[in-house]
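Structural features, examined
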Amino acid sequence: MSTSPSSPGSPGSAPTGSRAERADGRARTVRAARQALRALATDLTTPTRPGEPLLGTSARRWLRWLPYVVACVFTAVLLPVSILVLANNYGLNGGLSGALAVAQTVPLLLAVSRPLHAWWAIYAADLAGALVLSVSATLPGPPYPWPPQTIISYLLLMVALGLRERRRTLVAVWLATGAACLLFASLRPGDGDGTWVLMFVLSGAILLVTGALRERGEARRELAAQATISEAERARRTLLEERARIARELHDVVAHHMSVITVQADSAPYRLQGLPPEAAEEFGTIAATARESLAEMRRLLGVLRSEESERQGGPEKAPQPGLDQLTRLVEGTVRAGVPVELTLSRALGELPPAVGLSAYRIVQEALANVVRHAPGARTQVSVTPDRTGLTVLVVNGPSPRPAEPLETTGTGHGLVGMRERVRLLGGTLDTGPLADGGYRVAARLPLTEPLTEKDPTPA
């Protein structure tokens, strides 16, 4: 009777499947171990910012020099001490003691700028020294496997490593230190007096503390950088919002002129008798172009309109103010508790609408700042024209209640808006505190055409 091979789903195939699964598990374990070793080797051979001195970015000069002084002092002290201890306490000859002492201490000077490279040098020298002690030293008696000066130099190196290298590198260094401690403690278990435990525990503690300090410092620097970026972005956003607001206000002025051009061009053939057909057609073309320009300006205003104005139900419907409304503005400020004295020159004539609007807004912002930051301060406002420009001056004295400002911080739009309005007109702006604790705002707004004087009227 013949027997057939067992099918894949039969019980006979179970051992084969189990062996395959175990083989796959071992392969995965080997791959994971290789990846871990590869990552460990990468962390131990890739220094962070090599060549940059520890504390090299500090603003204080003595802090920048401190790592060099510490490294030189410890090297100068530990080098002769190591030679004497290795020769007298461990019975090594002078040449071998000197070579091990130099290899274990001099790389501390390199730790100031390249601590990971210095660790490789000192780690190899400490391994060589522990191997020599385990083979030829007179034991028991002196500490084994790490002499006291070796522990001190190694812990000093841990400080430099913790202040420079990233967390994974510190963990790899600590594990390598623990492996060396366990290795030499197992070579001569009867001679070990716990120095390997001391080295392992203290090195881990120092790496933990210094690494935490480094990460805290980096976090603070990143936070300061982000704060600087945020402040720059906020200033830029404020500037763009103010420009958009000024553009919306100037739109009314320009739209009025465009509307006048359209009406005049449309009505010219009816107002002027005897126009030739070519002239009438030209006036029609001018009116059509003016209408198209006005429509484009309205679309541009829609792009510049802020979300806040959209939430308020669209653009403002009120006409834009001018210097003829300064008196009402000053009266409202006086009712708010700020004594204001207004001086309007009798020589004020017909100003360009953009100049009048800008002058009014500059006075408005200046008085608003007085109300916010210097409530009750006596303030003088003067608007003086000449044939080429308009001078706006707002000066306030110290607040009688300096400890009770209505606001200690602002939106940042006030001075930005003043500068942008003056810049768009090609003028100048001078602002700043006064010696008595007050503040001064002086703007010069040029006129494109000489001012046409009107009949003198009382200010």
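What comes next concerns the included structure. Residue indices follow the written sequence of each chain, beginning from 1 at its first position. The predicted origin of the model limits local features to residues at a pLDDT of at least 70 and limits the giving and counting of side-chain atom pairs to 80 or more, whereas totals for whole chains, interfaces and linings rest on all residues. Each side-chain value is worked out from all heavy atoms of the structure, with water and hydrogens disregarded.

**Structural notes on empty space enclosed by the protein**
Applied cut-off: In the cavity and pocket records, a cavity denotes points on a 1 Å grid over the protein atoms alone where a 1.4 Å probe fits but cannot get out, a pocket denotes an open set with protein on both sides within 12 Å along at least 5 of 7 lines, and lining residues are residues with an atom within 4 Å of a point. Grid points are joined across faces, edges and corners, and a volume is the space filled by probe spheres set on the points. Secondary structure is summarised from DSSP: a helix means a run of H or I of at least four residues, a strand means a run of E of at least two, and numbering begins at the N terminus for each. When residues are sorted by character, Ala, Val, Leu, Ile, Met, Phe, Trp, Tyr, Cys and Pro go into the nonpolar class, Asp, Glu, Lys and Arg into the charged class, and all the rest, Gly among them, into the polar class.
Evaluation of the coordinates by the stated rule reveals one cavity of 30 Å³ or more. Roughly 40 Å³ of internal volume is contained in the largest cavity. Lining the largest cavity are Tyr123, Asp126, Trp146, Tyr154, Thr177, Ala180 and Met199. When residues of the lining of the largest cavity are traced back to their parent elements, those giving at least two are helix 4 (115–136) and helix 6 (167–187). Grouping the amino acids of the lining of the largest cavity by side-chain chemistry returns five nonpolar, one polar and one charged.

**Let's talk about the packing of aromatic side chains**
The criterion, for reference: Ring pairs are drawn from Phe, Tyr and Trp, using the six-membered ring of Trp, whenever the two centres fall within 6.5 Å, and their geometry is named by plane angle: stacked under 30 degrees, edge-to-face over 60, tilted for the rest. Only protein chains enter the calculation, and the probe is 1.4 Å; a residue is then buried if its accessible area is under 20% of its type maximum, exposed if over 50%, and partly exposed in between.
Per the counting criterion, the structure on display carries five aromatic pairs. When the ring of Trp119 is compared with that of Trp120, the centres are 5.1 Å apart and the planes differ by 65°; the resulting orientation is edge-to-face. By relative accessible area, which is 0% here, Trp119 ends up buried. Taken together, the aromatic side chains of Trp119, Trp120 and Tyr123 make up a single cluster linked through ring pairs.

**Looking at the side chain of Thr333**
Selection criterion: Whenever two N or O atoms come within 3.5 Å, that pair is a polar contact, provided that in protein one can donate a hydrogen and the other can accept it, and provided that, for residues adjacent in sequence, both atoms are side-chain atoms. Residue contacts are counted whenever heavy atoms from the two residues lie within 4.5 Å of one another.
Within the secondary structure layout, Thr333 lies in helix 10 (residues 326–335). Polar side-chain contacts of Thr333 include one of 3.0 Å to the backbone oxygen of Leu329. Beyond its immediate chain neighbours, meaning those up to four positions away, Thr333 contacts Val338, Val340, Leu367 and Val371.

**Let's talk about the nonpolar core**
So the rule is basically this: Only buried residues count toward a nonpolar core, which is a set of Ala, Val, Leu, Ile, Met, Phe, Trp, Tyr and Cys residues joined through side-chain atoms within 4.5 Å.
Ranked by internal contacts, the top residues of the largest apolar core, which has 35 residues, are Trp119, Trp146, Tyr154, Leu157, Met158, Leu161 and Val173. Counting residues per element, the ones that place at least two in this core are helix 2 (61–88), helix 4, helix 5 (148–162), helix 6 and helix 7 (195–271). Judged by nonpolar contacts, the second largest core, of 30 residues, contains Leu329, Ile362, Val394 and Val441.

**What to know about a nonpolar patch on the surface**
Inclusion rule: In this scheme, patches are assembled from residues that exceed 30% relative accessible area and form no salt bridge. Like charges are connected within 9 Å, while nonpolar side chains (Val, Leu, Ile, Met, Phe, Trp, Tyr) are connected within 5 Å. Only the protein chains shown count as covering a residue, and every accessible area follows the Shrake-Rupley method with a 1.4 Å probe. Within this document, salt bridges are pairs made up of a side-chain nitrogen of Lys or Arg and a carboxyl oxygen of Asp or Glu, the two lying within 4 Å of each other.
Residues Trp65, Tyr68, Val69, Val73, Phe74, Val77, Val81 and Ile152 make up a contiguous nonpolar surface patch of roughly 700 Å² in combined accessible area. Sort the elements by how many residues they give to the nonpolar patch and helix 2 lands first, with seven residues.

**Observations regarding the packing of helix 5 against helix 6**
Applicable threshold: Where helices are involved, their axes are fitted lines through C-alpha atoms of the stretch in contact, as for all axes, and angles between N-to-C directions lie from 0 to 180°. To sort the angles, those under 35 degrees are grouped as roughly parallel, those over 145 as roughly antiparallel, those from 65 to 115 as roughly perpendicular, and the leftovers as oblique. Here a crossing is called left-handed whenever its near helix is offset anticlockwise from the far helix by less than a right angle, and right-handed whenever the offset is clockwise.
One way to put it is that helix 5 packs onto helix 6 with a least axis distance of 11 Å and a crossing angle of 160°. In this view, helix 5 runs roughly antiparallel relative to helix 6, as classed from their interaxial angle. The element helix 5 and its partner helix 6 pack so that their crossing is right-handed. On the side of helix 5, the interface is formed by Tyr154, Met158, Leu161 and Gly162, while helix 6 contributes Leu170, Val173 and Thr177.

**With respect to the pattern of salt bridges**
According to the stated counting rule, one finds eight salt bridges in the structure shown. In this structure, Arg167 and Glu215 form a salt bridge, with 2.9 Å as the shortest nitrogen-oxygen distance. Of this pair, Arg167 sits in helix 6 while Glu215 sits in helix 7, and the two are 48 residues apart along the sequence. Note on Glu215: relative accessible area 29%, which makes it partly exposed. Bridged by salt links that share partners, the residues Arg167, Arg214, Glu215 and Glu218 form one connected network.

**Looking at the environment of Arg440**
Inspection of the secondary structure puts Arg440 in strand 5 (residues 439–446). Arg440 sits in the partly exposed class, given a relative accessible area of 30%. Here the alpha-carbon distance between Arg440 and Leu393, two residues 47 residues apart in the chain, equals 7.5 Å. If near-sequence neighbours (up to four positions away) are discounted, Arg440 is found in contact with Leu393, Val394, Val395, Asp430, Thr431, Gly432 and Leu434.

**What to know about helix 6**
Keep this limit in mind: A helix is expected to span 1.5 Å for every residue after the first.
Compared with the 30 Å implied by 1.5 Å per residue over 21 residues, the 31 Å span of helix 6 between its first and last C-alpha is a close match. The set of residues buried in helix 6 consists of Thr169, Leu170, Ala172, Val173, Ala176, Thr177, Gly178, Ala180, Cys181, Phe184 and Ala185.

**Thoughts on the packing of helix 4 against helix 5**
One way to put it is that helix 4 packs onto helix 5 with a least axis distance of 10 Å and a crossing angle of 160°. If you check the angle between helix 4 and helix 5, you find them roughly antiparallel. Handedness of the helix 4/helix 5 crossing: left-handed. For the pair helix 4 and helix 5, contact is made by Pro115, Leu116, Ala118, Trp119, Ile122, Tyr123 and Asp126 and by Thr150, Tyr154, Leu157, Met158, Ala160 and Leu161, respectively. Broken down by class, the residue content of the contact of helix 4 with helix 5 amounts to 11 nonpolar, one polar and one charged.

**Describing the pairing of strand 3 (residues 389–396)**
For clarity, the threshold we go by: For two strands to be treated as a pair, DSSP must find at least two bridges joining them.
The sheet contact formed by strand 2 (residues 379–385) and strand 3 spans seven bridges and is antiparallel. Opposite Val383, over in strand 3, you have Val392 as the bridge partner. Hairpin connection, strand 2 to strand 3: the antiparallel pair is bridged by three residues. Note that strand 3 and strand 5 share eight bridges and pair antiparallel. Within strand 5, the position partnered with Leu390 by the bridge is Leu445.

**Description of the sheet that holds strand 5**
Strand order across the open sheet formed by five strands is 1-2-3-5-4, with mixed pairing between neighbours. Whereas interior strands pair on both sides, the edge strands pair on one side only; in this sheet they are strand 1 (340–344) and strand 4 (428–433). Looking at each pair of strands side by side, their axes are set apart by 5° on average, direction ignored. Pairing of strand 4 with strand 5 involves six bridges; the strand directions are antiparallel. Its bridge partner being in strand 5, Thr428 is matched across the sheet by Arg444. Across the sheet, helix 10 touches strand 1 and strand 2, and the angle it forms with strand 1 is around 170°. With respect to the sheet, helix 11 (residues 353–373) is in contact with strand 1, strand 2, strand 3 and strand 5, its orientation differing from that of strand 3 by roughly 5°.

This is a description of form; function is not addressed.
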